[in-house]
Amino acid sequence: MLAFAWGVQFLDLSSDPWIREQVHRAGYLFSFLFLLCGSLRLARFNVQKNPIPKNPGRPDRKYFVGLAIPAGAGMVAAVVYAAGSSPIHYWPLAIVWLVLLALLSFLMVSTWRYYTFKDINLLRPRSPLMVIAVGITIFLIWNYSQVVLLAMAGTYVASGIVIRIGGIVRRHLRPPPPQPERQVG
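Residues numbered from 1 in each chain as written. Predicted model: local features only at pLDDT ≥ 70, side-chain atom pairs only at ≥ 80, totals over all residues. Heavy atoms only, no water.

**Student:** Go over the side chain of S31, please, and point to the residues and values.
**Tutor:** Secondary-structure assignment places S31 in helix 2 (residues 17–47). Leaving out residues up to four positions away in the same chain, S31 has contacts with A3, F4 and L101. (Helix = DSSP H or I, 4+ residues; strand = E, 2+ residues; numbered from the N terminus. Contact = heavy atoms within 4.5 Å.)

**Student:** Before we move on, could you go through the nonpolar core and cite the residues and values that matter?
**Tutor:** V23, L67, V76, W97, L101 and L104 are the most contacted members of the largest nonpolar core, which has 31 residues in total. Looking at this core, the elements that each hand over two or more residues are helix 1 (2–9), helix 2, helix 3 (69–82), helix 4 (91–109) and helix 6 (145–173). Broken down by element, the residue count for this core peaks at eight residues, all from helix 4. In this structure V23 touches V8, L11, W91, A94, I95 and L98, once residues within four positions along its chain are discounted. (Core = buried A, V, L, I, M, F, W, Y, C linked by side-chain atoms within 4.5 Å. Buried < 20%, exposed > 50% of the residue type's maximum accessible area, 1.4 Å probe, protein only.)

**Student:** Tell me what's going on with the environment of H24, and back it up with residues and numbers.
**Tutor:** Along the polypeptide, H24 turns up in helix 2. Judged by relative accessible area, H24 falls into the buried class, the value being 13%. For H24 and V8, which are 16 residues apart along the polypeptide, the C-alpha to C-alpha distance reads 6.1 Å. The contact partners of H24, leaving out residues within four places of it in the chain, are F4, V8 and Q9.

**Student:** Could you give an account of the pattern of salt bridges, with specific residues and numbers?
**Tutor:** Under the criterion given, the structure shown has one salt bridge. A salt bridge links R25 to E21, with the nearest nitrogen and oxygen atoms 3.0 Å apart. Here E21 and R25 lie together in helix 2, a separation of four residues that amounts to about one turn. (Salt bridge = Lys/Arg side-chain N within 4 Å of Asp/Glu carboxyl O.)

**Student:** I'd like a description of helix 3, backed by residues and values.
**Tutor:** Residues that lie three or four places apart on an α-helix share one face, since the helix turns once every 3.6 residues. Taking 1.5 Å of rise per residue, the 14 residues of helix 3 would be expected to cover 20 Å, and the 20 Å separating its terminal C-alpha atoms lies within 8% of that figure. Three or more residues of helix 3 are buried, namely A71, G72, M75, V76, A78, V79 and V80. A positive phi of about 75° marks G84, the residue just after helix 3. (Expected span 1.5 Å × (residues − 1).)

**Student:** Describe unusual backbone geometry, listing the residues and the values that go with them.
**Tutor:** With a phi angle near 65°, S85 is a residue other than glycine that sits in the positive phi range. Note on S85: relative accessible area 48%, which makes it partly exposed.

**Student:** Could you give an account of the packing of aromatic side chains, naming the residues involved and the relevant values?
**Tutor:** Enumeration according to the criterion identifies four aromatic pairs in this entry. A centroid spacing of 4.7 Å and a plane angle of 75° characterise the contact between W6 and W97, whose relative ring orientation is edge-to-face. Remark: W97 occurs in helix 4 and W6 occurs in helix 1; sequence separation between them is 91 residues. You can call W6 buried: its relative accessible area is 9%. An angle of 85° between the planes, with centres 5.4 Å apart, marks the rings of F106 and W112 as edge-to-face. With relative accessibility at 42%, the residue F106 sits in the partly exposed group. (Phe/Tyr/Trp six-rings, centres within 6.5 Å; stacked < 30°, edge-to-face > 60°.)

**Student:** So what about a nonpolar patch on the surface? Which residues, and what values?
**Tutor:** On the surface, a cluster of nonpolar side chains totalling about 610 Å² of accessible area is made up of I132, I136, F139, L140, Y144 and V147. In terms of residues, the nonpolar patch owes the most to one element, helix 5 (residues 128–143), which gives four residues. Here V147 is to be found in helix 6. (Patch = residues over 30% accessible without salt bridge, like charges linked within 9 Å, V, L, I, M, F, W, Y side chains within 5 Å. Areas by Shrake-Rupley, 256 points an atom, 1.4 Å probe, with all protein chains shown as cover.)

This is how it looks when you write it as structure tokens:
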């Protein structure tokens, strides 16, 4: 509802009615696609016993398979909040918004890895540097919440894409395994 209402519903009425109608239709499609992909993501984990991605990564790290639904919703909310909650009126911006919704929808049903942060233990002693970093983060969120929350959400969404691209590059740069020598005779 938020994605459609903020990004498409309040387009400028003075724009071409045909374009407005087409953007509205695309808005319905991509808003529903976001909902559908979120449902498919939940259904995938309800029917699988042990969901292991095709590219499981390092065994000492925990990953989500695909973008978690709260992270996708957090990205939508962060964009709306960063824009001051005033809806989009210019149709080209609405198109960019719909492309973002399509990307988030794809990432939710993908098998790309996203770090879970489940191995963070808050009871373990921390270094002074970590305490300073957490304090600075809290300060920045308190004083510059729109920009910082958008940057945090965008960084997390982009992290899965970077992990995937890094894996592809690593596979192409890795030397091929040595071929066993064949004996002639």
